[in-house]
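Geometric and topological summary
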Amino acid sequence: MKHIISILIENEAGALSRVAGLFSARGYNIESLTVAATEDPSLSRMTLVTRGSEDVIAQITKQLNKLIDVVKLIDLADSPHIERELMMVKIKTTEQTRNDIRSVVDIFRGRILDVTPNSYVIEMTGSSEKLDAFTAAISHDSIIEVVRSGATGISRGEQGLHL
Amino acid sequence: MELSGAQILLQSLADEGVEYIFGYPGGAVLHIYDAIFQQEAVKHILVRHEQGATHAADGYARATGKPGVVLVTSGPGATNAVTGIATAYMDSIPMVVISGQVSSPVIGSDAFQEVDMVGITRPCVKHNFLVKDVTKLAETIKKAFYVATTGRPGPVVVDIPKDITAPNILVPYKYPKKVSLRSYNPVVNVAKEQIKAAVELLLSANKPMIYAGGGVVLGEASSELTEFTRHLGYPITNTLMGLGAYPATDKQFVGMLGMHGTYEANMAMHESDVIIAIGARFDDRVTGKLDEFCPYAKIIHIDIDPASISKTIKKIAIPIVGDVKPVLKQLLECLKDSKKKPNKKALETWWQQIDEWRAVQSLEYDRSSDLIKPQFVIEQLYQVTKGDAYVTSDVGQHQMWAAQYYHFDKPRRWINSGGLGTMGFGLPAAIGVKLAFPDADVACVTGEASIQMCIQELSTALQFKTPVKIINLNNRYMGMVRQWQEFSYECRYSHSYMDTIPDFVKLAEAYGHVGIRIDKPEEVRPALEQAFAMKDRTVFLDIMTDRTENVYPMIEAGKGHHDMKLRVALGTSTDRELA
Ligand SMILES: Cc1cc2nc3c(=O)[nH]c(=O)nc-3n(C[C@H](O)[C@H](O)[C@H](O)COP(=O)(O)OP(=O)(O)OC[C@H]3O[C@@H](n4cnc5c(N)ncnc54)[C@H](O)[C@@H]3O)c2cc1C
Ligand SMILES: Cc1ncc(C[n+]2csc(CCOP(=O)(O)OP(=O)(O)O)c2C)c(N)n1
Ligand SMILES: [Mg+2]
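Summarised in this report is the structure supplied together with it. (Residues numbered from 1 in each chain as written. Chains lettered and ligands numbered in written order. Predicted model: local features only at pLDDT ≥ 70, side-chain atom pairs only at ≥ 80, totals over all residues. Heavy atoms only, no water.)

Comments concerning the overall build of chain B
Put simply, the rule is: The secondary structure listing takes helices from DSSP runs of H or I that are at least 4 residues long and strands from runs of E that are at least 2 residues long, numbered from the N terminus. Based on C-alpha atoms, the radius of gyration is set beside the globule rule, defined as 2.2 Å times the residue count to the power 0.38. Exposed residues in this analysis have more than 50% of their type's maximum accessible area, buried residues have under 20%, and partly exposed residues fall in between, with area computed by a 1.4 Å probe over protein chains only. Any two residues whose heavy atoms approach within 4.5 Å are treated as being in contact. Computed by Shrake-Rupley with a 1.4 Å probe, the accessible areas treat only the displayed protein chains as cover when residues are assessed. His is not counted, nor are the chain ends; Lys and Arg add positive charge and Asp and Glu add negative charge. One atom stands in for each charge, and that atom is NZ of Lys, CZ of Arg, CG of Asp or CD of Glu.
Looking only at helices and strands, chain B features 20 helices and 20 strands. Over its C-alpha trace chain B gives a radius of gyration of 25 Å, about what one expects of a compact globule, namely 25 Å for 579 residues. Across its three principal directions, the C-alpha atoms of chain B cover 75 × 65 × 40 Å. When each of the 579 residues of chain B is scored for burial, the buried share is 60%. In chain B, the proportion of contacts linking residues at least 24 apart, taken out of those at least 6 apart, comes to 77%. When the accessible area of chain B is evaluated, it comes to approximately 22700 Å², of which 53% is carbon and sulfur surface. Positive and negative charge centroids in chain B, built from 60 and 65 side chains respectively, lie 5 Å apart.

A short note on the overall build of chain A
Looking only at helices and strands, chain A features 4 helices and 9 strands. Taking the principal axes of the C-alpha coordinates as reference, chain A spans close to 55 × 35 × 30 Å. Looking at chain A as a whole, 41% of its 163 residues are labelled buried. Within chain A, counting contacts between residues at least 6 apart in sequence, those at least 24 apart form 73% of the total. Accessible surface computed for chain A: about 8700 Å², of which carbon and sulfur atoms make up 52%. Once the 18 positive and 22 negative side-chain charges of chain A are each reduced to a mean point, those two points are 1 Å apart.

Points about the coordination of the magnesium ion (ligand 3)
Residues and elements named next belong to chain B. As a reminder of what qualifies: Donor atoms: N, O and S within 2.8 Å of the metal, or within 3.2 Å for Na, K and Ca. Because water is excluded, sites can look incomplete.
Protein ligation of the magnesium ion (ligand 3) involves Glu448 (OE), Glu448 (OE), Asn475 (OD1) and Tyr477 (O), the donor distances falling in the range 2.0 to 2.7 Å. Read in sequence order, the donor residues coordinating the magnesium ion (ligand 3) give the pattern E-x26-N-x1-Y. Placement of Glu448 in the loop between strand E17 (442–447) and helix H17 (457–463) and of Asn475 in the loop between strand E18 (469–474) and helix H18 (479–488) is noted, with a sequence separation of 27 residues between them. Of the residues examined, Asn475 reaches a relative accessible area of 7% and is grouped as buried.

Here we look at the site of ligand 1
Residue and element names in this part refer to chain B. Short version of the rule: Residues are labelled near a given molecule or strand when at least one of their non-hydrogen atoms is within 4 Å of it. Under this definition, polar contacts are N or O atom pairs within 3.5 Å; protein pairs additionally need one hydrogen-donor-capable and one acceptor-capable atom, and for neighbouring residues in sequence, both atoms have to be side-chain atoms. Here the nonpolar group is Ala, Val, Leu, Ile, Met, Phe, Trp, Tyr, Cys and Pro; Asp, Glu, Lys and Arg are the charged ones; every other residue, Gly included, is treated as polar.
By nearness alone, 35 residues border ligand 1, and Gly214, Thr239, Arg281, Asp303 and Ser308 come closest of all. Here an oxygen atom of ligand 1 sits 3.2 Å away from a polar atom, N or O, in the side chain of Asp283. Between a nitrogen atom of ligand 1 and a side-chain N or O atom of Asp323, the distance comes to 3.0 Å. In isolation ligand 1 exposes 980 Å². Once the protein is present, 96% of that is buried. Broken down by secondary-structure element, the contributors of at least two residues to the shell around ligand 1 are helix H8 (214–218), helix H11 (284–287) and helix H15 (397–405). At 3 residues, the largest contribution of residues to the shell around ligand 1 is made by H8. Residue composition of the shell around ligand 1, by class: 13 nonpolar, 15 polar and 7 charged.

Rendered as structure tokens:
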């Protein structure tokens, strides 16, 4: 099953490589990983998407917690949460296809950021599944490139991941 | 007080109570060596290879419980230390390794003797630091010791660029009394309910087993374990790392378990209905085939590291995350308060069964052989040292025989590399132990292949007057490898022997020590007595043992505990494949 693990980690050089190294050394897979500083500049927030059986995920969270730089973590899959990912897609367009593409973009609530006679750059946010659905809805041949941020997430309600 | 970085480092080590650092100089640590020259509090032991420094510090740590301290230069000095760091990591040994680094401004430029030590050691340390600011040095050293020695212990590397230790930059020095890291909290409290549940399960057992490991030694909980075990009257087995945590000569001790454990220990594990694992990590050498591991047992697992619980064996009935010493005290208290008592009748039947397994005498060997049996040598060593020596070992068959035939009654007496299985560990470790306990008997049980991996430390032993006794079980084979090749590769002995083996007697003499070669069984005892009588000499006993002796019993790869290979027939082994 897919798990979104949210990690508060010391904002130190090498902290990211400790997490990445742990995954490769222990053979866990990382589907995506995002990291940036938080409102407290001494802390970074990392969102890691991984898949595995309950046993594997349990080991992953224990091993992450063992890293000295990791301050706190939660598995967002354990409770109601919101997941968002940003995607930008560059698509070939022609006179004939432009309208169709625009209406698909509207259905998915995307935005067109850049237009040339032969291309669009489309911005879209949503769950990773929604972004997958969008790329599936567009003819594969027309996609020039896709760039995705990887998922980030936050829990619903007033509880938060902080010190 | 204003000090340079190098002085701060030395003063911090002194304030931390460090007696010895094991090290080797080089460009990046010259400022530090200059500071060492100008102080007396911390004694420096100059090894002959950085791997030796790490193993010596490790041996010191295992024998004393105090962290071992290492100092190496950047680049090759640092990489030479990696094997020893990984060795300490796998066995959870507290150690602080100071490595020199190239000056901060040139880091990343492929400077002379630059290597990314923080990157290289990341997967085999508990934590590591790169010091970027001399005003943070003392605090970083304090943190390093704090992390290395608390919770599940382990090695910590502190990488110090050369400019940080420069003599012309002076900053105020104060060694912090305490440090805390907001991201690291090793103290855990155990819920009463868990203790109660564990006691209830323990008392419901008909075929109980206590399986205790290195965590009991690391957690200084031997006396608690002994009291707990005697109170219950249950059988107890120890892992290789746990030997000495419970007195081996006690009647409740059924021997080591696992791949080369006793028949009774493994059979009892297999048949048991309730197992309490105490500071042990269900290593694959212990469990054998996972699907067949202890099929009837409900398991209680005490470990300070939550990640050790349900890592390999998933079905843990009662996990207890906590420090073994207070947890055992709590368990014992709860047991004493409990109205329920162990099931006497069931226990009697259980012990009868165990005694039947004991009667198989799985450790018996051919005592009438004309050849020197390695098991006999260890038995003699045990007798000559009255069971009270510190025994270090290398890796191979000799290690298993030392574990099986030297009956350790006290913790921290058996010093070996279990998790990484590092050949070359034994001799430098023995030097570290001897420095810690100059009056104790220290023996290094080794093999002719292993000893050659750190033989250069014989020179260190002379310089620093650490008269250890080297018991070389010389079977002219990498015996452990040969044994696997005999069992699993139809005796194709691919590169498991050396066509040239040095004359160890001459070699020992060349290093300034005493060398004795022993060819006959009847020479073993007198030679051992002679060696241990030479209190101030390092003695190398080169003992020609039966070449083809194997370690029994054995659980072969992929087999379960009840599926052991026993010594088939007690007869003189022949040089069948050599003839
Ligand atoms: C050639 C060879 C053959 C081997 N054969 C065998 C064999 O037959 N049998 C065998 O047993 N081993 C054998 N080993 C050793 C094996 O590889 C492992 O090193 C060993 O089994 C691990 O021992 P352990 O489970 O006690 O764990 P250790 O490695 O000692 O780990 C200790 C555990 O205790 C925990 N701990 C630490 N401190 C505390 C504390 N204060 N409180 C609570 N918990 C704590 C740690 O988190 C860890 O989980 C062999 C090794 C070699 C090289
Ligand atoms: C550094 C290292 N390299 C290789 C091995 C694999 N290995 C394990 S035991 C062994 C043979 C050891 O031979 P020896 O020291 O003579 O001991 P014996 O088994 O003969 O008692 C080898 C090569 C190891 N454990 N460590
Ligand atoms: Mg050998």
